[in-house]
Amino acid sequence: MAILKSLGIYILFIGLTSCANQQLPTGGPVDETAPKISTDNSTPNQQTNFRPDEVEIYFNEWVKLEDAYNQIVISPPTEKRPDISVKGKSIRIKFDKEEVLRENATYTINFGDAVKDITANNILKNYSFVFSTGAFIDSLSIQGNVVNALDGKPMENMTVMLYDNLADSVVYTEKPFYFAQTDKTGNFKIGNIKNGLYKVVAIEDINRNFKFEKGNEKIGFLNDPILIEADSSINLNIRASTNEPELRLIAKKIKERGLVVLGFSASPKAVQLDLGNQRDNTTISYLKDSIYLWYNDFSDSTWTIITSYDTLWADTLIITKDRTNESYSPLKITSAENLNKKELSVGKSIRLNYNRPLKVINKSAINLLDSSLSNVNFNATISDKILSIDYKWEAGINYQLILNQGALTDKFNVRSDSTGYKFKAASIKDFANLNLKINGLNKDQQYIISLDNGNNTIFEESTMVDSVYSKKLSLIKPVKYKLKIVQDINKNGKWDGPNYDTRSQAELISISVIDDLRANWDKDLIINWKEK
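Residues numbered from 1 in each chain as written. Predicted model: local features only at pLDDT ≥ 70, side-chain atom pairs only at ≥ 80, totals over all residues. Heavy atoms only, no water.

In space, the 3 strands of this open sheet follow the order β20-β23-β24, with antiparallel pairing throughout. Unpaired on one side and paired on the other, β20 (272-274) and β24 (313-320) mark the two borders of the sheet. With strand direction ignored, the average angle separating the axes of adjacent strands in the sheet is 20°. Pairing geometry for strand β23 (residues 302-309) and β24, over 8 bridges, is antiparallel. Paired with S308 across the strands is A314, a residue of β24. (Pairing = 2+ DSSP bridges. Helix = DSSP H or I, 4+ residues; strand = E, 2+ residues; numbered from the N terminus. Axes fitted to C-alpha atoms, helices over the stretch in contact; angles between N-to-C directions.)

Next up on the list: unusual backbone geometry. Put simply, S75 and P76 share a cis peptide bond, and its omega is -5°. Along the chain, P76 turns up in the loop between β4 (73-75) and β5 (83-87). Within the chain, N126 stands out as a residue other than glycine whose phi angle is a positive 55°. Position of N126 relative to the elements: it lies in the loop between β8 (115-117) and β9 (128-132). Although it is not a glycine, N157 adopts a positive phi angle of roughly 65°.

Across the sheet, 4 strands lie side by side as β18-β19-β22-β21; this open sheet has antiparallel pairing. Two strands in the sheet have a free side with no partner beyond their single neighbour: β18 (249-256) and β21 (282-286). Taken over all neighbouring pairs, the strand axes of this sheet differ in orientation by 20° on average, direction set aside. Bridging between β21 and strand β22 (residues 290-295) involves 5 bridges; their strand directions are antiparallel. Paired with Y286 across the bridge in β22 is I291.

Before going further, it helps to examine the pairing of strand β32 (residues 386-390). Of all 5 residues making up β32, 4 are buried, and the element is well covered by its neighbours. Relative to β32, strand β28 (residues 350-354) is paired through 4 bridges, and the arrangement is antiparallel. Its bridge partner being in β32, R351 is matched across the sheet by S388. Sheet analysis places strand β31 (residues 379-383) next to β32, joined by 5 bridges and oriented antiparallel. Among the inter-strand pairings, S383 is bridged to a residue of β32, identified as I386. Here β31 folds back onto β32, and the loop between the two strands holds 2 residues, one of which, D384, carries a positive phi near 55°. (Buried < 20%, exposed > 50% of the residue type's maximum accessible area, 1.4 Å probe, protein only.)

Another aspect to go through is the layout of surface pockets. Volume-wise, the largest pocket comes out at about 1100 Å³. Lining the largest pocket are 32 residues; nearest its centre among them are Q71, V73, N110, G112 and Q181. Of all the secondary structure elements, the ones that give two or more residues to the lining of the largest pocket are α1 (68-71), β4, β7 (106-110), β12 (178-181) and β13 (187-193). Take the lining of the largest pocket: its biggest share by element is 6 residues, from β13. Of the residues in the lining of the largest pocket, the class split is 7 nonpolar, 15 polar and 10 charged. (1 Å grid on protein atoms, 1.4 Å probe; cavity = no way out; pocket = protein on both sides within 12 Å on 5 of 7 lines; lining within 4 Å. Points joined across faces, edges and corners; volume = space filled by probe spheres on them. Nonpolar A, V, L, I, M, F, W, Y, C, P; charged D, E, K, R; others polar.)

Right, let's get into the side chain of S388. Assignment of secondary structure puts S388 in strand β32. Apart from the residues lying within four places of it in its own chain, the contact partners of S388 are I350, R351, N379, A380 and T381. (Contact = heavy atoms within 4.5 Å.)

Positionally, N355 belongs in the loop between β28 and β29 (358-361). Given the relative accessible area of 17%, N355 is considered buried. Remark: the alpha-carbon pair of N355 and L331, spanning 24 residues in sequence, is separated by 6.5 Å. Leave out the neighbours within four places in its chain, and N355 touches W294, S329, P330, L331, K332, T334 and K385. A polar contact is formed between the side chain of N355 and the backbone oxygen of P330, at a distance of 3.1 Å. (Polar contact = N/O pair within 3.5 Å; in protein donor to acceptor, adjacent residues only side chain to side chain.)

This paragraph deals with the pairing of strand β40 (residues 481-487). Side chains on a regular strand alternate between the two faces of the sheet. Counted residue by residue, β40 has 5 buried out of 7 residues, so it is predominantly covered. Here strand β37 (residues 447-452) pairs with β40 via 6 bridges, running antiparallel. Within β40, the position partnered with I449 by the bridge is I485.

As a further point, take the pattern of salt bridges. It is possible for side chains of opposite charge to pair when their charged atoms get near one another. As enumerated under the stated definition, the model contains 19 salt bridges in all. Across the salt bridge formed by D113 and K125, the nearest N and O atoms sit 3.3 Å from each other. Note that D113 is positioned in the loop between β7 and β8 and K125 in the loop between β8 and β9, a separation of 12 residues in sequence. On the basis of relative accessible area, D113 is assigned to the partly exposed category, the value being 28%. (Salt bridge = Lys/Arg side-chain N within 4 Å of Asp/Glu carboxyl O.)

To continue, consider the packing of aromatic side chains. The full count for this structure, using the stated rule, is 23 aromatic pairs. On the numbers, 5.6 Å between centres and 90° between planes, the contact of F50 with F131 is edge-to-face. Taken as a pair, F50 in the loop between β1 (13-17) and β2 (54-58) and F131 in strand β9 lie far apart in primary sequence, 81 residues in all. Each of the two residues, F50 as well as F131, counts as buried. Here F95 and F131 contribute two aromatic rings whose centre-to-centre distance is 6.4 Å and whose plane-to-plane angle is 80°, an arrangement assigned as edge-to-face. Remark: F131 occurs in strand β9 and F95 occurs in the loop between β6 (90-94) and β7; sequence separation between them is 36 residues. Each member of the pair, F95 together with F131, is buried. Taken together, the ring pairs connect F50, F95, Y107, F129 and F131 into an aromatic cluster. The aromatic ring of F378 is capped on one face by K363, whose charged end is 4.8 Å from the ring centroid. (Phe/Tyr/Trp six-rings, centres within 6.5 Å; stacked < 30°, edge-to-face > 60°. Lys NZ or Arg CZ within 6 Å of the ring centre and 35° of its normal.)

Note that every value here comes from positions in space, so none of it alone points to a role or purpose.
See the structure below:
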């Protein structure tokens, strides 16, 4: 199929001229009538074998144009910027002298809500000027809807594009043959289409160049072309979201003595690391979009690190170690989990997160006191940067946790300063239980089920089940939650949006709001999963 010359939409230059200042009339009935086309003086609509230099449309009253840049669109888009001006009772569309219109193509100039009368702002609705450079006006059409793949909400102002060139690269290199924009309900309709096979892509098109800008614009697409022919009735459903970014290394930084941070464009969980002879001396922490490498061997001035992803790429990094600054910032707590407003969640451990990996715990420097100020026996463990304190808490009892100086020592032999917490163990009666059941799951797929309260994810599990998933979530705060179910097709432990280059559709996700949990009550929740 021949690759047709790409065309584009452009900012329309709007000029408004008149011979005298117009004044609003006073008195009489309110004008509620939209401007009407004066066909006797206007360029005839619906012409064939027509290659206009300009189109002029006359009205029965004085008119103006508003928001023409967004409202007036020409499909197929033109290469050059047409000049659109208004004078008195007429609007003129003048094509650039160098414009070359497509052969045997039907053009539609949609005016949206741009045309209004000057007296009462009455809008000329649903007006379009149509002409064909060929022998007939194409009359086929399609319609559909675009929704956000993450939450299912309609997406307004998405540009839905049809390409007669079916090459994969066309969304980057060419402008479409036909297009339309979605309304507030996410609906769109493209008319005056010639019969044929078309690639369908919807993009956010922030810069209005009719080309997909990877990483900046949302996208949705159909994996297979559609055949548009006479008597066909086509209603498309497109799920769009931010294009899943390609995983690549984008930054490296020595954040402080003994710490190298590698920044990535996406989750780095799948990145392979070759740390050479420093592996045994390095603590690795994976964050949302970065890898933290904590090292304490300064015998060499440089360190060679190789990062790779599958067989797609590999980067060799030469790190110059900071051997001049021999001091470290204080070892300190960055957050305290399960302690909410000085209340400890029932059945939970105290989890204190520190700013660096921990190496040694001195339990004798830690005191846990009950309401009588008596020391109680407890368990204390460390893992990476977390100190966990476990005890069989008694509901309603006040406790004090005292961490004296030197209670913890980090990877770099920096000792902690003294600190402490006063808190109360919550009562079981203050919590709720959630009995969750999910029906209709596919036994061949992995799912991620999570529950979060807007601030923290209190439960998350990846699972494969025959068809029904059951789980009892005990002793949770009776607050508002979101239950998320993700069909984790690539089994990478997270929701992935669409990826046009790999033709991967956005993973299916269901989000349910739970806002009716009550203290000291059990709630049964049944979700029927549906393949969309």
